[in-house]
Amino acid sequence: MIGLERRVLLRHYLDQGLSKAAIAELLGINRRTISRWIAAGELDRDLEEPPRYKARPPVPKKLDPYKATIRKRLEDYPALSAVRLLEEIRAAGYTGGYSQLRDYVRQVRPRPPEEPLVRFETPPAKQAQVDFAEFRLPWGKRYALLVVLGYSRHMWVGFYEKQDMRTLFAGLEAAFRFFGGVPEELLFDQMKAVITRDDRLSGGRLVTNEEFLRFAAHWGFRPRACRPGRAKTKGKVERPIRYLRENFVYGRTFVGDADLAQQLERWLERANQRIHQTTKEQPLERFLRDEQHRLRPLAERPYRSLVLLPQKEPRARPLRRTSSVVPRIAVERRPLAVYAAVAGGAR
């Protein structure tokens with residue numbers, strides 16, 4: 001293929017009337033090469049046009065005679081491994097390597113059709129989804145409890161030091177007060193504070209923690225649990241967890257729990273007023289219009305557990321005296337003979 005620079009020079013020399021032999025000597029090439037370029041139309045092609053390359057003929061591979069067999073085996077048994085297929089075609093006479101077989105299997109292995117994602121929407125005040133998320137902050141580990149109303153996507157978040165039943169009770173009560181009411185049901189993952197045992201996959205039943213059932217009865221909601229391995233069921237709270245990580249925690253600096261809570265309050269106000277990608281509405285607007293008045297009323301008082309011991313109030317430490325005033329007593333020093341005379345006179 002003639003290069004762009006040589007093509008320009010060749011055109012120039014031909015326009016100057018030089019012979020092919022003279023041009024060949026100037027360019028350092030054979031005269032027949034110039035004749036071949038001219039016959040191929042290289043000089044008539046636009047200088048800005050990219051060069052045209054002919055496709056190389058396919059190189060035969062040792063795997064070619066066995067490709068039909070491989071495709072048929074994968075059609076019948078899509079999960080066959082490349083190692084297993086290598087054993088089979090080697091028994092049939094294949095002498096090539098494993099890598100070209102592995103690459104070919106990746107190209108032709110049938111892919112199962114993706115299960116269509118059916119979005120499960122709930123009516124207003126029907127359901128809220130609940131989950132914990134772990135965060136590592138400079139002063140220690142903290143757990144974010146998220147409660148998201150299924151219809152409006154109105155969200156409440158709180159950070160806690162522990163991920164236990166006491167924290168769950170405190171967080172849910174704070175979320176109910178934030179919403180101004182209680183949804184009909186709460187959907188949880190396999191949370192130990194809620195689910196004692198889940199035997200539904202083996203035909204059994206779901207066993208819910210009795211203390212949590214008393215808490216649910218006090219506030220008037222029904223607890224539900226996702227089936228194991230069905231994370232998509234809780235997508236309305238799983239996606240906000242990622243949103244919390246990427247949009248709130250990541251790239252921000254916090255100096256302690258109080259600062260974390262203050263920044264979270266401001267962020268949560270903005271988050272509930274953004275346009276949600278699914279509903280195309282602001283969660284707060286959708287909540288106030290359609291959902292808040294349908295929530296169940298709040299309980300008259302917080303739940304008092306008969307199982308969880310009340311938290312011990314920190315003992316007041318005695319104040320350390322930073323400056324104690326000790327009176328100085330002036331003692332008059334006298335010779336021992338004086339004390340002896342005084343003692344003798346007292347007898």
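What this report covers is the structure whose coordinates are included nearby. (Residues numbered from 1 in each chain as written. Predicted model: local features only at pLDDT ≥ 70, side-chain atom pairs only at ≥ 80, totals over all residues. Heavy atoms only, no water.)

**Examining helix α11 (residues 283-291)**
So, step 1. Where α11 is concerned, the buried positions are P283, R286, F287, D290 and E291. Summarising the axial view, the buried residues of α11 lie within an arc of 105°, below the 170-degree limit, and thus occupy one face.
So, step 2. Buried positions along α11 lie against β2 (140-149), α7 (165-179) and α10 (257-271). (Buried < 20%, exposed > 50% of the residue type's maximum accessible area, 1.4 Å probe, protein only. Helix = DSSP H or I, 4+ residues; strand = E, 2+ residues; numbered from the N terminus. Arc of directions from axis to C-beta. Contact = heavy atoms within 4.5 Å.)

**Details of the environment of A24**
So, step 1. Note that A24 resides in helix α2 (residues 20-27).
So, step 2. Sequence spacing of A24 and I34 is 10 residues, and the spatial spacing of their C-alpha atoms is 7.1 Å.
So, step 3. Once residues within four sequence positions are removed from consideration, A24 is found in contact with I29, N30, R31 and I34.

**Considerations on the pairing of strand β7 (residues 222-225)**
One face of the sheet, then the other: side chains in a regular strand alternate in exactly this way.
So, step 1. Side chains of β7 alternate between two faces, with P223 and A225 buried and R222 and R224 left unburied.
So, step 2. In this sheet, β7 lies alongside strand β4 (residues 185-188) in parallel orientation, the contact comprising four bridges. Residue pairing for β7: F188 is matched across the bridge by A225. (Pairing = 2+ DSSP bridges.)

**A short note on the sheet that holds β2**
So, step 1. Across the sheet, five strands lie side by side as β3-β2-β1-β4-β7; this open sheet has mixed pairing. Only two strands of the sheet have a single neighbouring strand rather than two, namely β3 (155-160) and β7. Ignoring which end each strand starts from, the neighbouring axes of this sheet average 25° apart.
So, step 2. Relative to β3, α10 is tilted by about 170°, and along the sheet it contacts β1 (127-137), β2 and β3. (Axes fitted to C-alpha atoms, helices over the stretch in contact; angles between N-to-C directions.)

**Focus on the pattern of salt bridges**
So, step 1. Enumeration according to the criterion identifies 17 salt bridges in this entry.
So, step 2. In this structure, K72 and D76 form a salt bridge, with 2.7 Å as the shortest nitrogen-oxygen distance. Placement of both K72 and D76 in helix α4 (residues 67-76) is noted, with a separation of four residues, approximately one turn of the helix.
So, step 3. Assessed through its relative accessible area of 45%, K72 is described here as partly exposed.
So, step 4. When the shortest N-O distance is used, the salt bridge between E184 and R222 registers 3.8 Å. Placement of the pair is E184 in the loop between α7 and β4 and R222 in strand β7, with a sequence separation of 38 residues.
So, step 5. What makes E184 partly exposed here is its relative accessible area of 24%. (Salt bridge = Lys/Arg side-chain N within 4 Å of Asp/Glu carboxyl O.)

**Notes on the packing of α7 against helix α8 (residues 210-219)**
So, step 1. α8 packs onto α7 with a crossing angle of 15° between their chain directions and a minimal axis gap of 12 Å. Judged by the angle between their axes, α7 and α8 are roughly parallel. Note that α7 runs across α8; the crossing there is right-handed. Residue-level inspection shows M165, L168, F169, L172, E173 and F176 of α7 in contact with α8, the latter providing E211, F212, F215 and W219.
So, step 2. Class assignment for the residues of the contact of α7 with α8 results in eight nonpolar, no polar and two charged. (Parallel < 35°, antiparallel > 145°, perpendicular 65-115°, else oblique. Left-handed = near helix turned anticlockwise from the far one by under 90°. Nonpolar A, V, L, I, M, F, W, Y, C, P; charged D, E, K, R; others polar.)

**What about the packing of α2 against helix α3 (residues 31-39)?**
So, step 1. Two numbers describe how α2 lies on α3: the axes approach to 8 Å, and their chain directions differ by 110°. In terms of axis orientation, α2 runs roughly perpendicular to α3. Contacts between α2 and α3 involve K20, A21, I23 and A24 from the former and R31, I34, S35 and I38 from the latter.
So, step 2. Across the contact of α2 with α3, the residue classes tally to five nonpolar, one polar and two charged.

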